Amino acid sequence: MTVKQISIFVENKPGKLAELTEYLHQSKIDMRALSIAEAQDFGIVRIIVDDAYKTSCVLKEAGYVASITPVVAIEMPDEPGSLFRILKILGDGGVNLEYMYAFLTRKQSTAYMVLRVENNEKAIEILSKSGIHTISQEALASL
């Protein structure tokens, strides 16, 4: 069970990120998670949204270069040591973590992470066997 992450290339200039979020706002797209990685001339904005298909269409119409990548989203207790436990499970299972970022919801005492791993199916199997709950695209839209 994966979720769809949209990666968008954005010029690294003042106002360009605001411009992107304005398009999303005007289209009534609700972001669930956001991560930005920068380089000298451009940035990669990674978002998880309530409707990936609609978002892709909006971005294409606005002239953005974007791609969709399946990633693993998990929920875990919001307490010290939870992230260590997840990373240990993945490492012990031989799953390489490429990058990750957190996101918030209205649900208290629960933390959420987006994981980009080299093998989603293997990561999901290992996490599920260890009692870690992964989140589906449909469930994410209702958070």
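Some details on the confidence of the model for the protein chain
Reading predicted coordinates in detail is not appropriate for stretches of low pLDDT.
Then, number 1: The predicted model of the protein chain has a mean per-residue pLDDT of 92, with 100% of residues at 70 or higher.
Then, number 2: When mean pLDDT is taken per element in the protein chain, helix 4 (residues 120–129) scores highest with 96 and helix 5 (residues 137–141) scores lowest with 82.

Considering the packing of aromatic side chains
Then, number 1: Following the criterion strictly, the structure yields three aromatic pairs and no others.
Then, number 2: A ring pair is formed by Y23 and Y64, whose centres lie 5.8 Å apart and whose planes are at 80°; its orientation type is edge-to-face. In this pair, Y23 sits in helix 1 (residues 16–26) while Y64 sits in the loop between helix 2 (52–61) and strand 4 (65–77), placing the two residues 41 residues apart along the sequence.
Then, number 3: With relative accessibility at 30%, the residue Y23 sits in the partly exposed group.
Then, number 4: Across the ring face of Y99, the terminal group of R46 is positioned such that the distance to the ring centre comes to 3.9 Å.

Brief notes about the side chain of T110
Then, number 1: Here T110 is to be found in strand 6 (residues 110–117).
Then, number 2: Judged by its relative accessible area of 18%, T110 falls in the buried class.

With respect to the pairing of strand 1 (residues 3–11)
Then, number 1: The pairing of strand 1 with strand 4 spans seven bridges and is classified as antiparallel. When the bridges of strand 4 are listed, S7 appears paired with S67.

Let's talk about the packing of helix 3 (residues 82–92) against helix 4
Then, number 1: Two elements in contact, helix 3 and helix 4, have axes whose closest approach is 10 Å; the angle formed by their N-to-C orientations is 120°. By the criterion of interaxial angle, the relationship of helix 3 to helix 4 is oblique. The handedness of the crossing between helix 3 and helix 4 comes out as right-handed. Between helix 3 and helix 4, the residues in contact are I86, I89 and L90 and A123, I126 and L127, respectively.
Then, number 2: Residue classes in the contact of helix 3 with helix 4 are distributed as six nonpolar, no polar and no charged.

What counts and how
Residues numbered from 1 in each chain as written. Predicted model: local features only at pLDDT ≥ 70, side-chain atom pairs only at ≥ 80, totals over all residues. Heavy atoms only, no water. pLDDT = per-residue confidence, 0-100. Helix = DSSP H or I, 4+ residues; strand = E, 2+ residues; numbered from the N terminus. Phe/Tyr/Trp six-rings, centres within 6.5 Å; stacked < 30°, edge-to-face > 60°. Buried < 20%, exposed > 50% of the residue type's maximum accessible area, 1.4 Å probe, protein only. Lys NZ or Arg CZ within 6 Å of the ring centre and 35° of its normal. Pairing = 2+ DSSP bridges. Axes fitted to C-alpha atoms, helices over the stretch in contact; angles between N-to-C directions. Parallel < 35°, antiparallel > 145°, perpendicular 65-115°, else oblique. Left-handed = near helix turned anticlockwise from the far one by under 90°. Contact = heavy atoms within 4.5 Å. Nonpolar A, V, L, I, M, F, W, Y, C, P; charged D, E, K, R; others polar.

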